[in-house]
Amino acid sequence: MPQRVLIAGTSALLAGRLAARCLTASGDTEVVLLSAAVSRPGAIAPDRKEIASFVAQSARLHDPGGRLTVVCAAPEAVAGGLAGLTADQVWCVVPGWDRAPVRGARGDAALAGSVLAALPGLGAVGYVHVGPDGAADDGPAGPVRRGYRELERRAVEACLDAGVAWRVLRTPPVLDDQAPVFGECPPGAHRLLWALHAVRTEVEDRVPDWFERHPLRVAGAAGLGLTLLPAEQAAEELWRAGAPGGLPDGFATVPAPAPVPLADVLARAGAVHGIDVRPVADRAALSAADRLLDLRLTDVRAQAVRLGGPAEAPAPGPSDGTDPAAGVGAPAPAAAGHPPAPSTDLPEAADPPPRSAATPTLAAPLSAAAQWELFGSVRAYQAVAGRVAGTAGREDVSLRRRTVEVAGRPLAVYEAGDGDGPPLVVLNALGQGPGFLTRLCARLAPHHRVVTWQVRGTERDDPPWRAGDQLDDLEAVLDAAGADRAHLLGWCTGAKIATAFQRRRPDAVASLVFLNATFRQNGRWDGLDTKYEADLAAVCRALDRSPAKATRMLGLLAPGAAGGKGSPGARDAGVLGVLSRSLADEVRRPFRDAEVLVRYARQLVDLWRLDSAAQAARVTAPVLFVCSEFDGISSPARAREAARCFPRARYAELAVAGHYAPHDRPALVAELITEFVRAPDEVADLVRYAEITWHIDTEGTAR
């Protein structure tokens, strides 16, 4: 008799592999795949056609015809996608793989809640809940993991109330070459491969041949191993444990291959990325590039297991459902779904303790040859993912240009995206063109409407254009965009203009985001200037008084070297302090000739007269500061002090980043912006990565 199976999941990758396995199990099974994958900057969820193609390819079916139906919906909108559906068996796939655990847990809880609420109406006789394995219930992620155990409890209770047979399955993270195309990055090996790819991209954007002469060093790998579980194997084991007509009610955990030493994984993964990765004993001698990789491997080490312990003992193969020690198919003890909470939570640390390998293991790890093949395939898809599914390299998004008239002169306005809600209006730095912001806008555009304009006042035919004129231009841009309210994103000097505009029109500002902001002010000598700021101030004051000196001063500022050593006493930024090659022309724009330099200097002197600190206390909108450890242009120390003046401020500092972080790390900055405008009071919990330090809480006090 034909069976209809509904598979709903926040991981299109794992749910899709399960759907493929279901289609191949029987020629008359119909599958409804409901994907609740979340789109965010740098990881755009696949659409219905992409998922259907992936499932058909995985099932080796040229055309599944009417046997496969794919529905895409946000986790909070799944209830509508379930309306009118029926199914003999329901799968809810919530593996907990989001890079931001709190955000992922909320999406998983929303999906599971909607599916369980709809269970009586679906007419199902069986329900299978797939969640993360139970090996990491303690440590910094403990509360989130215990939330997944609570989801399991709710699933069992809902099935008991509805009289539906149930299975609760737990799976370790998987490895799949399609993950980059799907915008997914499961814990463990995929985070390691992503970290290598991201560091290589950021370094080679500055010095293309740097890795031909320099290794990357990694600390904290000794004695640790990673389990490398292919997604197809995980789907096979899950299907075996939860297929219709299968085993009785109960709990089971997918067995994983024995762990591979982390040092070996690093060496092979580094080689396919063209990087010599060398484990070292401690972090004392790490360079800036090493530190960046080290930070991005923090949760990889947390996912790793200790080698040489009893956890490596081979486990028997899948059982018939009667052996409590046999892994998948083995009903767990009655309390398996309700483990006792640890007496205390460990404090958050740079390196959470590696988990013990409580998950049952198969006899052999993934072979070296299979690792080379899989890592190389992931690497190839990382390189093309942006062109395939929009998950990286989104620089193909172009800014639409139009001209409006303000104060009797043309103003170039640029727009991209068509998202709902107030637009993001980007205030560029004085003297700069839109090139600095192209990458950032490209990652914001799929989620928001983005508007910016060409800042005026430095071109030869421009009249003097002071701070008040910049405010008028911003007001005209809002009118041209047809927006009553907007989120203002001020980069560098744009932060002071945005603050002043919020005081002029508070009702028009939904929120303020300050990117590598400068809050320098004339007459306030606080000792927080960077060397570049001090030199720039001296030159600008001299040119304001004696413009004839401009020709001699053109070469004094050397803006291409900006990135520097950041805050006083900070370590050298090394290769990460080198300017991106694509910004070379942009940074020279205000220094290309004497006349332009004089205009730029006078704009800055005028801007420095604004007392933004005095205005800050009356700013009612939520504010997010995004600054950089190695910002050699705008002082991060002064930005932290400024953040304390705003009643609703958050301050995020990016480790081992420079002044041009919105260009160098656009996906991360866009993710911060997107989560902030969606939930300003929760952004510090929703985007909590090892390379971000949060300094300011809701009361504006230092953490």
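Residue numbers restart at each chain and count upward from 1, following the sequence in its written direction. Totals for whole chains, interfaces and linings use all residues, but because this is a predicted model, local features are given only for residues with pLDDT of at least 70 and pairs of side-chain atoms are given and counted only at 80 or more. Hydrogens are left out, water is left out, and the side-chain values use all remaining heavy atoms of the structure.

Draft legend 1. View of the overall build of the chain. Strands are runs of DSSP state E lasting at least 2 residues, helices are runs of H or I lasting at least 4, and numbering of each runs from the N terminus. Along the backbone of the chain there are 24 helices and 21 strands. Considering the chain as a whole, with its 703 residues, one finds that 59% of them fall into the buried category. For this analysis, residues touch if any pair of their heavy atoms sits within 4.5 Å. Taking the intrachain contacts of the chain between residues at least 6 apart in sequence as the baseline, contacts between residues at least 24 apart amount to 81%. Only the protein chains shown count as cover for residues, with accessible areas throughout obtained via the Shrake-Rupley method and a probe of 1.4 Å. A total of about 26,300 Å² of accessible surface is found on the chain, and carbon and sulfur atoms cover 53% of it. Only protein chains enter the calculation, and the probe is 1.4 Å; a residue is then buried if its accessible area is under 20% of its type maximum, exposed if over 50%, and partly exposed in between.

Draft legend 2. Focus on the pairing of strand S6 (residues 165-171). Among the seven residues in S6, six count as buried, and that is most of the element. Only when DSSP finds a minimum of two bridges between them are two strands counted as paired. Across seven bridges, strand S5 (residues 126-132) lies against S6 in parallel orientation. Along S6, the bridge assignment pairs Gly131 with Arg170.

Draft legend 3. Summary view of the packing of aromatic side chains. Centres within 6.5 Å make a pair out of two Phe, Tyr or Trp rings, where for Trp the six-membered ring is used; the pair is then stacked when the planes are under 30 degrees apart, edge-to-face when over 60, and tilted otherwise. Counting across every chain of the model gives 15 aromatic pairs. A ring pair is formed by Phe436 and Tyr660, whose centres lie 5.5 Å apart and whose planes are at 10°; its orientation type is stacked. Residue Phe436 is located in the loop between strand S15 (424-427) and helix H13 (438-444), and its partner Tyr660 is located in the loop between strand S20 (649-654) and helix H22 (661-664); the two are separated by 224 residues in the primary sequence. The residues Phe436 and Tyr660 share a single accessibility class, namely buried. Between Phe625 and Phe646, the ring centres sit 5.7 Å apart and the planes meet at 65°, which makes this aromatic pair edge-to-face. You can see Phe625 sitting in strand S19 (residues 623-628) and its partner Phe646 sitting in the loop between helix H21 (636-643) and S20, a full 21 residues away along the chain.

Draft legend 4. Structural view of unusual backbone geometry. The backbone of Asn516 shows a phi angle near 45°, a positive value even though the residue is not glycine. In this model, Val656 sits at a positive phi of 55°, which is unusual for a non-glycine residue. Within the secondary structure, Val656 is located in the loop between S20 and H22.

Draft legend 5. The environment of Ala684, seen in detail. Counting through the fold element by element, Ala684 comes out in helix H24 (residues 683-686). Considering only alpha carbons, one finds Ala684 and Trp694, ten residues apart in sequence, at a separation of 6.8 Å.

Draft legend 6. Looking closely at the sheet that holds strand S8 (residues 224-226). The strand order S10-S8-S12 describes an open sheet built from three strands, whose pairing is antiparallel. Both edges of this open sheet fall to strand S10 (260-261) and strand S12 (305-306), since each of them pairs with a single strand only. Taken together, the two bridges between S8 and S12 define a ladder with antiparallel strand orientation. Note on S12: the bridge partner recorded for Leu224 is Arg306.

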